[in-house]
Each structure stands twice: as structure tokens, then as C-alpha cells.
Amino acid sequence: MVAVNRRGFIVSALAAGLLAGAASGALAEDKPKIEFLYSPFADYAPFFLAEDLGYFDEYGVDVTLSPKSGTAETIQMLASGNVQAGAATWGAGLFNSINAGATVAIVATSAKMPDTVPSPSPFMVSQKAWDEGIKTVADLKGKRVGIPGPGGFGMYSVAKALEKGGLTVDEVEAIYLPPPATAAAFANGGLEAGWSIEPFALQLEREGLGRRLVEDHTFGTELGFIAFNKEFVEGHEDAVVNFLAAYLKAARQLDNGGWKDEKVLDIVARYTGTEKSLLQGIAYTIRSEDGSIDLNSVREQEAFFRKRGDLEYKGDVDISSVYRSDLLKRANELVGKK
């Protein structure tokens with residue numbers, strides 16, 4: 001009788017162990033993995049902090065940060081479901097994809113331009129061109145100007161800068177290349193001017209390769225946004241809310257003196273490949289405290305690309321069809337509870 005009871009106890013214990021293991025596996029599966037695409041720019045700092053300071057872990061999300069090449073790649077990867085999330089800039093390609101029913105969900109702002117100078121995204125002239133007499137925007141007519149791409153925020157920003165000198169993008173020679181490549185182009189005379197962003201802008205200045213020509217052209221403009229694959233959001237709303245909560249916590253830390261923290265600068269330096277001493281002197285992008293997007297600013301950019309003939313539709317695109325502000329509201333409530 002004792003042997004039978006013992007056997008029953010052993011069987012029960014094994015069953016309990018198997019059930020516990022199954023439950024543990026189920027919990028692990030309930031924590032979806034989020035691969036987030038980023039660029040090595042200072043305006044991505046909140047995501048670097050959220051990862052390295054453990055904020056993603058604190059809010060129960062498993063996040064992997066992966067480098068990417070640009071906005072077009074991000075939207076394509078998200079729409080196809082190859083990755084779950086990323087940040088990108090507003091542009092013609094995005095507006096067209098929203099109109100075409102792209103399977104992405106926009107959930108928050110990632111960065112916007114401040115209303116002050118120095119600008120974190122200045123329009124710059126090469127020192128070589130400056131020495132040769134190009135000292136105003138008007139002097140750039142017919143000259144080579146670096147732009148990250150034909151339909152993104154860089155194009156919009158350059159156009160706004162050129163307006164200061166009475167020029168349009170069509171009156172200069174557009175050379176498409178990413179900000180990190182501007183230094184070489186300025187040094188070898190391949191460009192007279194170009195769009196930049198921190199930390200590359202300050203690096204150009206310190207190396208004597210370029211100088212700021214226009215800085216007040218995009219005050220208060222929405223620079224970028226955070227987006228997710230739409231299907232992922234529909235199946236994992238809580239995970240998206242938790243991701244946003246961790247992001248908001250990190251962003252508020254940065255916007256409230258975090259840039260003076262040595263530990264913070266060490267983290268940003270590692271992800272951007274920038275010397276900490278350089279980061280200490282750059283201008284930074286900002287964000288609304290609650291992560292909301294200024295849709296009026298977005299509409300201004302849409303109007304710009306419509307005027308250029310880059311949009312494949314008429315009227316305003318239905319941004320509300322992809323903007324999940326309800327998830328952002330929940331994230332703010334979650335941060336407020338901690």
C-alpha cells in the first residue's frame with residue numbers, strides 16, 4: 001500500500017513538473033520578441049537607453065535593436081512583417097504607402113525639431129565651398145547639394161533651407177547620400193552643401209570640413225515616428241503599450257537633464273560610434289512629453305511632397321487609419337502608475 005502511494009506521489013510529482021514546465025514555456029511564448037530598426041543618430045537615444053538601462057525589461061518586453069539603412073527599408077520591412085518595429089522619418093514614400101493600405105501602425109513620435117538654435121539638423125556648406133566664395137544660400141544655385149533621399153525629411157528640410165535664399169531643389173544639383181558620407185564629400189569637393197544631423201553636423205565643424213549655413217528652417221517640425229507591423233500590433237497590443245512605456249520613460253529622462261549624465265552619454269556613444277566628448281557639445285532633437293504627433297506639421301510635409309508631384313493620390317491621406325493613439329494613451333497611463 002505504501003509502495004502504491006509512493007508510486008502515485010512520484011507520478012503526480014512528475015505530472016506537476018511537466019505542467020510547470022509547460023506553463024513556463026507558455027509564459028515565455030507570451031512575451032513576444034520585438035526587433036526594432038534604428039539609425040546611429042543621436043535622436044534615437046531614447047531607444048538606446050531603454051535597452052541598456054533595462055527599461056524594456058522593466059516593462060516586460062523582449063527587444064532587439066537592429067541597425068538599418070533608411071526610412072524606405074524600415075517601412076518595407078515592417079509592412080512585410082520581417083521585423084516588428086522601427087522608427088523612420090515622414091516622407092512621400094510613407095504617405096503613398098498609407099494611401100495604398102500599407103500594413104503598418106504608427107504609434108508615437110520619435111523626434112521633432114526644437115524651436116531654438118543650434119539646430120540638431122542644420123543645412124551646411126562645406127568649408128572648401130565657403131572659402132571659394134559660397135557664403136549664402138543664393139550662392140548655391142546650380143551647385144551640388146547632399147540630400148539623404150528624394151522623398152524623405154531630408155528633402156523637405158533642404159527645400160525649406162533653400163527657400164531662405166529664394167531657391168528650390170530643382171535649382172541645385174541634388175546628390176543623394178546619407179549624412180555619414182557628407183564628410184568625405186565635403187573633404188574631396190564632391191559637394192558644396194548638404195543636409196546633416198547630429199552627431200555628424202558637429203563632427204563636420206570640429207574637423208574643419210563644414211559650417212552651418214541655415215538653422216531656422218524647420219523649427220518645431222515633426223522629424224520622425226515609431227511604427228509597428230500592423231498584424232503584430234493587432235495580436236500583441238499589450239506588448240506595444242509596454243514598449244512605448246519604456247520609450248517614454250527613457251525619453252523623459254533625456255529631456256530632463258539626462259544628456260548631462262556620463263552613463264547616458266556612454267550608451268549613446270556606443271550606439272552612434274561617436275566620441276563622448278563630441279556628444280557633449282551637440283544640439284538634440286526633442287519630443288512631446290506624451291509622445292503625441294503634431295499632425296499639422298505632418299500635413300505641411302505632405303503638402304510639400306504633393307506640390308512636388310511625389311504623391312500618388314489626391315487630397316489628404318487618412319493618417320487616422322494607421323495612427324494608434326489609443327495605445328500611446330495607455331502607455332502614458334502605465335508610465336504614470338510607476
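Model, not experiment: these values are computed from the prediction. (Residues numbered from 1 in each chain as written. Predicted model: local features only at pLDDT ≥ 70, side-chain atom pairs only at ≥ 80, totals over all residues. Heavy atoms only, no water.)

### What about the packing of aromatic side chains?
Item 1. Throughout the structure, instances matching the rule amount to 19 aromatic pairs.
Item 2. Taken together, a centroid distance of 6.1 Å and an interplanar angle of 50° make the contact between Tyr-44 and Phe-47 tilted. Phe-47 shares its class with Tyr-44; the two are buried.
Item 3. On the basis of an interplanar angle of 15° and a centroid distance of 5.0 Å, the ring pair of Phe-47 and Tyr-247 is categorised as stacked. Placement of the pair is Phe-47 in helix α2 (residues 45-52) and Tyr-247 in helix α11 (residues 237-255), with a sequence separation of 200 residues.
Item 4. The class for Tyr-247 is buried, based on a relative accessible area of 1%.
Item 5. Among the aromatic residues, those joined into a ring-pair cluster are Phe-36, Tyr-44, Phe-47, Phe-56, Phe-228, Phe-232, Phe-243 and Tyr-247. (Phe/Tyr/Trp six-rings, centres within 6.5 Å; stacked < 30°, edge-to-face > 60°. Buried < 20%, exposed > 50% of the residue type's maximum accessible area, 1.4 Å probe, protein only. Helix = DSSP H or I, 4+ residues; strand = E, 2+ residues; numbered from the N terminus.)

### Focus on the sheet that holds strand β4 (residues 104-112)
Item 1. Spatially, the five strands line up as an open sheet ordered β2-β1-β3-β10-β4, and their pairing is mixed. Only two strands of the sheet have a single neighbouring strand rather than two, namely β2 (62-67) and β4. Averaged over all adjacent pairs, the angle separating strand axes in this sheet is 25°, with direction ignored.
Item 2. Relative to strand β10 (residues 222-229), strand β3 (residues 85-89) runs antiparallel, the two being bridged by five bridges. Across the sheet, Ala-87 pairs through a bridge with Ile-226, a residue of β10.
Item 3. Along the sheet face, α2 touches β1 (33-38), β2, β3, β4 and β10 and points at about 135° away from the line of β2. (Pairing = 2+ DSSP bridges. Axes fitted to C-alpha atoms, helices over the stretch in contact; angles between N-to-C directions. Contact = heavy atoms within 4.5 Å.)

### Concerning the pairing of β4
Item 1. For β4, the buried fraction is high: nine of the nine residues fall into the buried class.
Item 2. As paired elements, β4 and β10 share seven bridges and run antiparallel to each other. Across the sheet, Ala-111 pairs through a bridge with Gly-224, a residue of β10.

### Structural notes on the side chain of Thr-109
Item 1. Relative to the assigned elements, Thr-109 resides in strand β4.
Item 2. Taking relative accessible area as the criterion, Thr-109 reaches 0% and is therefore assigned buried.
Item 3. Only 3.4 Å separates the side chain of Thr-109 from the backbone oxygen of Gly-224, close enough to count as a polar contact.
Item 4. Excluding residues that lie within four positions of it along the chain, Thr-109 makes contacts with Glu-222, Gly-224, Phe-225, Ile-226, Tyr-247, Arg-287, Ser-288, Gly-291, Ser-292 and Ile-293. (Polar contact = N/O pair within 3.5 Å; in protein donor to acceptor, adjacent residues only side chain to side chain.)

### Examining helix α5 (residues 92-99)
Each full turn of the α-helix corresponds to 3.6 residues, which orients residues three or four apart in the same direction.
Item 1. Among the eight residues of α5, six are classified as buried, and the element is accordingly described as predominantly covered.
Item 2. Along α5, the positions that sit buried rather than exposed are Ala-92, Leu-94, Phe-95, Asn-96, Ser-97 and Ile-98.
Item 3. Buried residues along α5 sit in contact with α4 (71-80), β4, β10 and α14 (295-307).
Item 4. At the exit of α5 stands Gly-101, carrying a positive phi of roughly 90°.

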